[in-house]
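One-letter residues, chain by chain:
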Amino acid sequence: MGTKEIFISADQQETRVALIENKRLEEFYVERRDDPRLVGSVYKGRVASIVPGIGAAFVDIGLEKNGFLYVSDIVDPPEEDAVLEAEGEPPQARRGGGHGNRRRSRIEELVKPNQEILVQVVKEPFGTKGARLTTHVSLAGRYLVLMCNDSRVGISKRIEDGQERARLRELLGRLRVSTDSGLIMRTAGVGKGEKEFTRDARYLSSVWQQIKRQEQRTKAPVCLHQEYELASRVIRDSFTEDVHRIMVDSKEEIKKLARFLRTLMPGVRVRLDFYQGETPLFEREGLDDQIAALFEKRVSLPSGGGLVIEPTEGLVAIDVNSARFTGRRNLEETVFQVNKEAAVEIARQLRLRDIGGIVVIDFIDMEDHDHRRQVVRLMEDALSRDRAKTNFVSFSEICVAELTRQRMRRSVETVSHQTCPYCNGRGTVKSVVTMAIDAIRQAQRALKGTTGKTLELYVHPHVAVRLLQEDRQSLTALEQRLRARILVMSDPSLHLEQVKAQLGG
């Protein structure tokens, strides 16, 4: 078993949390102080409008954009959703996508304009879309999840041992919660007893009662319950008994975590260390370089092969290539080795970068069908570590894999980066040669219909060098033909793709 540690670095601007196994980054999260904690938070909202065509209502919960509530997130969930598989997030985040509802209820039958309604955020706003909402409110504890409006009980599907499932189900049956609420057992409950579960259930029930009291006293739109801050959430959802220590570099943050542990995890042995070294914690632990690598599109594999990760508008494409690795015996061995490493690393990169949505992976083609099966098994096993819900869809004859990964929050890249103002998200800019040709054409247009004029052509320095050297002959020919003078002006303040033509006397 590897050495697992959690490092937390917090300052006035942001909190970063890194989960490490054998000095290798396995999970990374960042949360800015001025970003609201939306996912998991409970609001009393007001129905702003209803759109029957898409089976959804728009709900004002006090944010810049109205949240949207699908019909399937209002009516009773399908029976099999009662036993949830959620590990990292409250179960409401695992519900269906809004189009698979079997009741065929119409949205206008369930809510009315201006109606006040209790909702929970399941997805952050993305782009032009507001937050995704549900009326199936659920609250996650250390061992249990309280299903606030669903009286059924269930056990995480990740708990596979039959005897342990039977024991946990018997314990669940003895827990006392309100008649309209149910409980889901999380994997952290494996091996735990009635004492821990009773404490968890009481705590969650008290939170729910407080939400209901607040709901009666306040007018919409208002936040009734906010999800925990990042560090507390990660410890609640990711701390296991094989975690060697939790190290924190902020006195304020370590006090908060100590209070959180006493409240939610009393009796759990946690080594909580305060880091006071002069060298920043993440730098000392060698994490800064590993985090910086998350923003590179190329990822190296141990054998010498590599991955190229390309986010697009509708999906994320991942290409596997052998690079310099040639294997020891034949091509099939080379390909198999690279694909095995890629399967494990891709699952890790999805976690680290928090990539969501559709993912298409182009593995190197393998002739051996047994090799294909082994790569699929390896990938499925690696994906099983992910707290976000993943669905391995297919692996084709040409070794292209498709999967989906649950998206609830913005990815690490979208939190830390903005669209490039130079390329506007294209990922490339025009070449110097292209811009030199462009500049000559603009000069020609500016001088059209004139004679004996002087034109000042302002361009980026690299374009200026090209015009004054390789393209000098073309400029001279243009000057002679139009009986004009063209002055090339180098301007470092200009973007590579900018050209300014100023006509003089």
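Structure: see above.
Below or above, wherever it landed, is the structure these notes cover. Along every chain, residues carry numbers that run from 1 in the direction the sequence is written. Given that the model is predicted, a residue must reach a pLDDT of at least 70 before its local features are reported, and side-chain atom pairs must reach 80 or more before they are shown or counted; all residues, however, enter totals for whole chains, interfaces and linings. As a convention, hydrogens and water are excluded, and side-chain values are obtained from all of the structure's heavy atoms.

### Focus: the pairing of strand β17 (residues 306–311)
When DSSP finds at least two bridges between two strands, those strands are taken to pair. By the criteria applied, helices consist of DSSP H or I runs no shorter than four residues and strands consist of E runs no shorter than two, each listed in order from the N terminus. Strand direction decides the pairing type here: strand β16 (residues 298–300) and β17, joined by 3 bridges, are antiparallel. The residue bridging Arg298 from the neighbouring strand is Val308, located in β17. Connecting β16 to the antiparallel partner β17 that follows it, the hairpin turn spans 5 residues, and Gly304 within it adopts a positive phi of roughly 115°. Bridge count between β17 and strand β18 (residues 316–321): 6 bridges; the pairing is antiparallel. Across the sheet, Glu310 pairs through a bridge with Ala317, a residue of β18. Connecting the antiparallel pair β17 and β18 is a turn made up of 4 residues.

### Quick word on the sheet that holds strand β1 (residues 4–10)
One open sheet accounts for 5 strands, arranged β3-β2-β1-β14-β15; its pairing is mixed. Looking along the sheet, the strands with just one partner apiece sit at the ends: β3 (24–32) and β15 (272–274). Strand-to-strand, the axes of this sheet are offset by a mean angle of 15°, without reference to chain direction. With 8 bridges joining them, strand β2 (residues 14–21) and β3 adopt antiparallel strand pairing. By the bridge assignment, Glu21 is partnered in β3 with Arg24. With axes taken as lines fitted to C-alpha atoms, and helix axes fitted only over the stretch in contact, angles between N-to-C directions fall between 0 and 180 degrees.

### Some remarks on the environment of Val459
Secondary-structure assignment places Val459 in strand β22 (residues 454–459). Separated by 24 residues in sequence, Val459 and Met435 place their C-alpha atoms 8.8 Å apart. For this analysis, residues touch if any pair of their heavy atoms sits within 4.5 Å. When residues no more than four places from it in sequence are discounted, the contact partners of Val459 are Ala439, Ala464, Leu467, Val488, Met489, Ser490, Asp491, Leu494, Gln498 and Val499.

### Section: the packing of aromatic side chains
Here is the rule: rings of Phe, Tyr and Trp (six-membered ring for Trp) pair when centre to centre is within 6.5 Å. Planes less than 30 degrees apart are stacked, more than 60 are edge-to-face, and the remainder are tilted. Here the structure, examined in full by the defined rule, presents 4 aromatic pairs. A centroid spacing of 5.5 Å and a plane angle of 80° characterise the contact between Phe68 and Tyr70, whose relative ring orientation is edge-to-face. Summarising the burial analysis for this pair, Phe68 and Tyr70 share the class buried. Here the aromatic rings of Tyr143 and Phe197 are separated by 6.0 Å at their centres, their planes lie at 75°, and the arrangement is edge-to-face. In this scheme, a residue with accessible area under 20% of its type's maximum is buried, one over 50% is exposed, and one in between is partly exposed, where area comes from a 1.4 Å probe on protein chains only.

### Some details on unusual backbone geometry
For the bond from Ala220 to Pro221, the omega torsion is 0°, close enough to zero to count as cis. Although it is not a glycine, Cys399 sits at a positive phi angle of roughly 65°. Relative to the helices and strands, Cys399 is located in the loop between β20 (390–395) and β21 (400–405). On the basis of relative accessibility, which here comes to 0%, the residue Cys399 falls in the buried class. Of note, Arg483 is a non-glycine position whose phi angle comes to about 50°, a positive value. Tracing the sequence through the fold places Arg483 in the loop between α13 (472–482) and β23 (485–490). By relative accessible area, Arg483 is classed as exposed at 61%.

### Regarding the sheet that holds β18
With mixed pairing, the 6 strands of this open sheet are ordered in space as β16-β17-β18-β19-β21-β20. The two strands at the open ends of the sheet, each matched to only one other strand, are β16 and β20. Sheet twist, expressed as the average angle between the axes of neighbouring strands with direction ignored, equals 20°. Bridge count for β20 against β21 is 5 bridges, and the pairing is antiparallel.

### Section: the pattern of salt bridges
One speaks of a salt bridge when a side-chain nitrogen belonging to Lys or Arg is within 4 Å of a carboxyl oxygen belonging to Asp or Glu. Going through the model one piece at a time under the given rule, you end up with 41 salt bridges. With a shortest N-O distance of 2.8 Å, Asp73 and Arg132 are connected by a salt bridge. Taken together, the positions of Asp73 in the loop between β6 (67–70) and α1 (107–110) and Arg132 in strand β8 (residues 132–134) put the pair 59 residues apart, joining distant regions of the chain. Both residues of the pair, Asp73 and Arg132, belong to the buried class. Between Arg236 and Glu227 there is a salt bridge, with its nearest N and O atoms 3.2 Å apart. Among the residues examined, Arg236 registers a relative accessible area of 2% and is labelled buried. The network of salt bridges with shared partners includes Glu21, Arg24, Glu26, Glu345, Arg348, Arg351 and Arg385.

### Re the nonpolar core
Residues grouped as a nonpolar core are buried Ala, Val, Leu, Ile, Met, Phe, Trp, Tyr and Cys residues, joined through side-chain atoms within 4.5 Å. If you look at the biggest cluster of nonpolar residues, it comprises 30 residues, and the most contacted ones within it are Ile318, Val320, Ile346, Ile361, Phe363 and Met379. Among the elements that make up this core, the one with the highest residue count is helix α8 (residues 331–353) (8 residues). If we skip the residues at most four places from it in the chain, Val320 touches Gly306, Leu307, Val338, Asn339, Ala342, Ile346, Ile361, Asp362, Phe363 and Ile364. By size, the runner-up hydrophobic cluster in this structure holds 23 residues, among which are Leu146, Leu168, Leu172 and Leu175.

### What to know about the packing of α8 against helix α9 (residues 369–383)
Packing of α8 against α9 leaves a shortest axis separation of 9 Å and a crossing angle of 15°. Of the possible angle classes, the one that applies to α8 and α9 is roughly parallel. Helix-helix and strand crossings are classified by hand; for α8 and α9 the assignment is right-handed. On α9, the residues that touch Glu332, Phe336, Asn339, Lys340, Ala343, Val344, Ile346, Ala347, Leu350 and Arg351 of α8 are His371, Gln374, Val375, Leu378, Met379, Ala382 and Leu383. Amino acid classes used here: Ala, Val, Leu, Ile, Met, Phe, Trp, Tyr, Cys and Pro are nonpolar; Asp, Glu, Lys and Arg are charged; the rest, including Gly, are polar. When grouped by side-chain class, the residues that make up the contact of α8 with α9 number 11 nonpolar, 3 polar and 3 charged. Our angle categories are set so that under 35 degrees counts as roughly parallel, over 145 as roughly antiparallel, 65 to 115 as roughly perpendicular, and the remainder as oblique. Two helices crossing with the near one rotated counterclockwise from the far one by less than a right angle form a left-handed crossing, whereas a clockwise rotation gives a right-handed crossing.

### Points about helix α11 (residues 432–447)
Taking 1.5 Å of rise per residue, 16 residues should cover 22 Å, and α11 covers 23 Å from first to last C-alpha, within 8% of that figure. Where the residues of α11 are buried, they touch β22, α12 (461–468), α13, β23 and β24 (499–503). Positive phi shows up at Gly449, right after α11, with a value of about 80°. In this scheme, a helix's expected span is set at 1.5 Å multiplied by one less than its residue total.

### Let's talk about a positive patch on the surface
A patch is a set of surface residues, each over 30% in relative accessible area and not in a salt bridge, joined within 9 Å for like charges and within 5 Å for the nonpolar side chains Val, Leu, Ile, Met, Phe, Trp and Tyr. Note on areas: these come from Shrake-Rupley sampling with a 1.4 Å probe, and a residue is covered only by the protein chains present in the view. Only four residue types enter the tally: Lys and Arg on the positive side, Asp and Glu on the negative side, with His and both chain ends excluded. One atom stands in for each charge, and that atom is NZ of Lys, CZ of Arg, CG of Asp or CD of Glu. Judged by side-chain charge, Lys251, Lys255, Arg259 and Arg262 come together as a positively charged surface patch. For Arg259, the location among the structural elements is in helix α5 (residues 251–264).

### Details of the pairing of strand β14 (residues 243–248)
Burial runs high along β14: 5 of the 6 residues are buried. In this sheet, β15 lies alongside β14 in parallel orientation, the contact comprising 3 bridges. For Met247, the partnering residue across the bridge sits in β15 and is Asp273. Handedness rule for crossovers: strands pointing away from the viewer, path from the first strand over the helix to the second running clockwise, crossover right-handed. A crossover connection joins β14 to the parallel β15 through α5; in handedness this β-α-β unit is right-handed.

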